[in-house]
Amino acid sequence: MTSEVKGGANEPIRIDTKFKNIVLKTPGGETLKICFQCGTCTSSCPIAKISDSYRPNQIIRLAQFGAKDKVLSSKTLWLCAACYTCVDRCPQGVEMESVIRTLKNLAAKEGYIPKIFKDLGLTVLETGFLYRIQQLRSKSREEKGLPTLPNPKIEDVKKLADKTGFAAIIGEESA
Amino acid sequence: MSNSKFAFFLGCLIPFREASYEISARRIAGAVGIDLVEMTDANCCGLPIDPINHDMAVALAARNLCIAESMGLNIMTLCNGCFGSLAKVNKELKEDRALREKVNGYLKEISMEFKGNIEVKHFIEVLAEDVGVEKLNSFVSRPFIDLKVAEHYGCHFLRPHKYLDTGDPENPEVLTKLIEITGAKVVDYLDELQCCGGTVIAIDENVPISLTRDKLVNIKKAGAEAIVTICPECHMIFDLYQPRIEKTFSESYGLPVLYYPQLLGLAMGMSPEDLAVGELRVKADRVLNRLIQKARSQLA
């Protein structure tokens with residue numbers, strides 16, 4: 001697994017000194033500043049165990065420095081499995097997963113969004129669920145004596161998507 | 001609020017791919033007196049889209065919570081992901097006034113309001129707390145003998161600890177106790193609490209394949225004959241992906257993966273058909289039939 005970070009490994013990292021403040025002000029990003037780089041997160045991380053590039057403490061450090069482009073364009077950001085082991089073990093109370101999720105949300109806003117998430121987002125907007133359950137499955141439910149699947153009001157989902165900015169991120173904002 | 005009647009939140013993955021969990025859980029619920037009421041207007045729990053927009057994830061979870069509030073019932077989930085998402089948002093909205101005001105601003109658009117008067121529980125908690133281990137024990141008519149199993153809790157049942165009330169995330173006990181009432185013996189294995197990697201399957205398949213391979217190897221080494229799960233995502237990686245993992249690493253595990261309600265149902269004397277055991281990808285027949293016959297003859 002490679003990180004495919006923008007710019008080569010030897011290129012200088014662009015620093016945006018205001019980036020840290022944006023993260024700190026975003027709900028979920030508040031604890032970025034209290035990380036003191038003990039590395040408990042990375043040593044507890046199942047992904048770090050098998051990946052050459054995913055190191056949660058490094059992501060935090062880069063964000064603290066203001067390496068906005070490097071952090072937000074990094075594909076490794078999306079490897080966090082949200083197992084929350086780092087959150088429960090951090091001796092400093094850094095909400096690791098929330099900070100990384102905040103960075104992912106900011107990346108998505110900047111257009112760095114894996115295609116699969118765009119597709120999932122569209123399915124949620126169209127069906128209210130993560131998957132399109134085929135007619136065939138609905139029929140087999142009936143045969144097995146299982147109740148009909150929920151059918152949420154899609155208008156509700158669309159209104160929430162517009163208000164929260166979700167629709168704009170996946171490019172489906174209603175007029 | 002009633003501790004035997006729940007708004008039933010099914011989620012996405014179970015009806016899409018893991019029907020045997022729903023079938024077996026409904027059987028158990030019916031047999032032990034848990035009344036499940038369908039949430040006909042429910043939507044996705046929000047968790048899968050949290051990486052791209054947290055506010056939308058919270059709003060979707062909150063909409064589900066509002067539906068259960070209007071039903072006057074606590075929520076029961078089967079999926080760890082749905083449980084974690086709904087329980088966390090429920091607690092955050094109850095405790096964080098600023099967040100509640102923001103989310104209620106979104107919900108106003110769809111004529112809903114979060115009030116904060118219900119709880120969210122996982123099926124396993126309902127079995128252990130609301131039905132109770134002692135009462136469940138009384139239903140076991142055909143306990144397993146000599147069956148060694150490995151348990152896999154799944155991260156979102158246990159973490160983040162501050163939002164969930166499911167025990168010590170470094171040393172959980174609730175599932176272990178529930179398995180023991182079936183007569184099966186729970187064996188310890190290395191890195192038991194390690195994540196299966198399932199949540200990033202869409203980003204990089206190698207993650208769940210590698211992480212779950214570690215677990216399968218360790219489980220095999222510990223001498224377990226089957227794995228017990230309580231989450232459809234983890235189950236899918238252990239069961240559906242097991243042949244792929246075997247092929248990738250040129251190894252052979254042959255470890256059947258059962259949902260807890262399937263294990264419990266078998267010990268309660270239900271048939272494998274009623275519990276949809278046949279839908280498992282790694283066939284459990286051989287191990288289970290042998291053990292059940294043995295148990296019967298020893299009980300006679």
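Small disclaimer: the values here were computed from a predicted structure and weren't measured.

Examined against the element boundaries, Leu-147 of chain B turns out to sit in the loop between α6 (123–139) and β5 (148–152). In the structure, Leu-147 of chain B is positioned 55 residues away from Glu-92 of chain B in sequence and 41 Å away in space, judged by C-alpha atoms.

A few words now on the packing of aromatic side chains. Evaluation of the coordinates by the stated rule reveals five aromatic pairs over all chains. Relative to Phe-16 of chain B, the ring of Tyr-131 of chain A has its centre 4.1 Å away and its plane inclined at 0°; by these criteria the two rings are stacked. Placement of the pair is Tyr-131 of chain A in the loop between α8 (115–127) and α9 (135–143) and Phe-16 of chain B in helix α1 (residues 13–17), with the two residues belonging to separate chains. Classification of Tyr-131 of chain A as partly exposed rests on a relative accessible area of 22%. What makes Phe-16 of chain B buried here is its relative accessible area of 17%. With a centroid separation of 4.1 Å and an interplanar angle of 5°, the aromatic rings of Tyr-21 of chain B and Tyr-259 of chain B are classed as stacked. On the criterion of sequence distance, the pair formed by Tyr-21 of chain B in helix α2 (residues 19–32) and Tyr-259 of chain B in strand β8 (residues 257–259) is long-range, its members being 238 residues apart. A relative accessible area of 0% means that Tyr-21 of chain B is categorised as buried. On the basis of relative accessible area, Tyr-259 of chain B is assigned to the buried category, the value being 0%. By way of ring pairs, the aromatic residues Phe-83, Tyr-153 and Phe-157 of chain B are connected into one cluster. The ring of Phe-65 of chain A carries the charged tip of Arg-61 of chain A above its face, separated from the ring centre by 4.7 Å.

Residue and element names in this part refer to chain B. Over its 14 residues, α2 extends 20 Å from the first C-alpha to the last, a length consistent with the 20 Å expected when each residue adds 1.5 Å. Buried residues dominate α2, accounting for 11 of its 14 residues. Along α2, the residues that are buried comprise Ala-19, Ser-20, Tyr-21, Glu-22, Ile-23, Ser-24, Ala-25, Arg-26, Ile-28, Ala-29 and Val-32. Just downstream of α2 lies Gly-33, where phi reads positive at about 90°.

Another point: the pattern of salt bridges. Residues and elements named next belong to chain A. Summed over the entire model, instances satisfying the criterion amount to 31 salt bridges over all chains. Linking Arg-14 and Asp-69 is a salt bridge whose minimum nitrogen-to-oxygen distance equals 3.5 Å. Taken as a pair, Arg-14 in the segment before α1 (19–25) and Asp-69 in helix α5 (residues 68–72) lie far apart in primary sequence, 55 residues in all. Here Asp-69 falls in the partly exposed class, since its relative accessible area comes to 26%. In this structure, the salt-bridge partner of Arg-132 is Glu-126, at a minimum N-O distance of 2.6 Å.

Opposite the 55 residues of chain A that make contact, chain B presents 60 residues. Summed over both partners, the interface of chain A with chain B buries about 5,000 Å², with 66% contributed by carbon and sulfur atoms. On the chain A side of the contact with chain B, Tyr-84, Tyr-131 and Leu-160 of chain A bury the most area, a combined 12% of that side's loss. Note that Asp-156 of chain A and Arg-63 of chain B form a salt bridge whose closest N and O atoms lie 3.1 Å from each other. In this structure, the connection of chain A to chain B is made through 20 residue pairs in polar contact (both at pLDDT 80 or more).

A separate point is the side chain of Ser-85 of chain B. Here Ser-85 of chain B shows up in helix α4 (residues 80–95). With near-sequence residues (within four places) excluded, Ser-85 of chain B lies in contact with Cys-45, Gly-46, Leu-47 and Ala-61 of chain B.

All names here are of chain B. Strands sit in the order β2-β1-β3-β4 across an open sheet of four strands; the sheet is parallel. Looking at strand neighbours, the two that pair on one side only are β2 (35–38) and β4 (120–122), the edges of this open sheet. Taking the axes of each pair of neighbouring strands and ignoring which way they run, one obtains an average angle of 40° across the sheet. Direction of pairing for strand β1 (residues 5–9) relative to β2: parallel, over a ladder of four bridges.

This part takes up the packing of helix α10 (residues 232–239) of chain B against helix α11 (residues 242–249) of chain B. Residues and elements named next belong to chain B. Interaxial distance between α10 and α11 falls to 5 Å at its minimum, and their mutual angle equals 45°. With respect to α11, the axis of α10 lies oblique. Where α10 abuts α11, its residues Ile-237, Phe-238 and Asp-239 lie against Gln-242, Pro-243 and Ile-245. For the contact of α10 with α11, a count of residues per class yields four nonpolar, one polar and one charged.

What counts and how
- Residues numbered from 1 in each chain as written.
- Chains lettered and ligands numbered in written order.
- Predicted model: local features only at pLDDT ≥ 70, side-chain atom pairs only at ≥ 80, totals over all residues.
- Heavy atoms only, no water.
- Helix = DSSP H or I, 4+ residues; strand = E, 2+ residues; numbered from the N terminus.
- Phe/Tyr/Trp six-rings, centres within 6.5 Å; stacked < 30°, edge-to-face > 60°.
- Buried < 20%, exposed > 50% of the residue type's maximum accessible area, 1.4 Å probe, protein only.
- Lys NZ or Arg CZ within 6 Å of the ring centre and 35° of its normal.
- Expected span 1.5 Å × (residues − 1).
- Salt bridge = Lys/Arg side-chain N within 4 Å of Asp/Glu carboxyl O.
- Contact = heavy atoms within 4.5 Å.
- Buried area = accessible area lost by both parts, 1.4 Å probe.
- Polar contact = N/O pair within 3.5 Å; in protein donor to acceptor, adjacent residues only side chain to side chain.
- Pairing = 2+ DSSP bridges.
- Axes fitted to C-alpha atoms, helices over the stretch in contact; angles between N-to-C directions.
- Parallel < 35°, antiparallel > 145°, perpendicular 65-115°, else oblique.
- Nonpolar A, V, L, I, M, F, W, Y, C, P; charged D, E, K, R; others polar.

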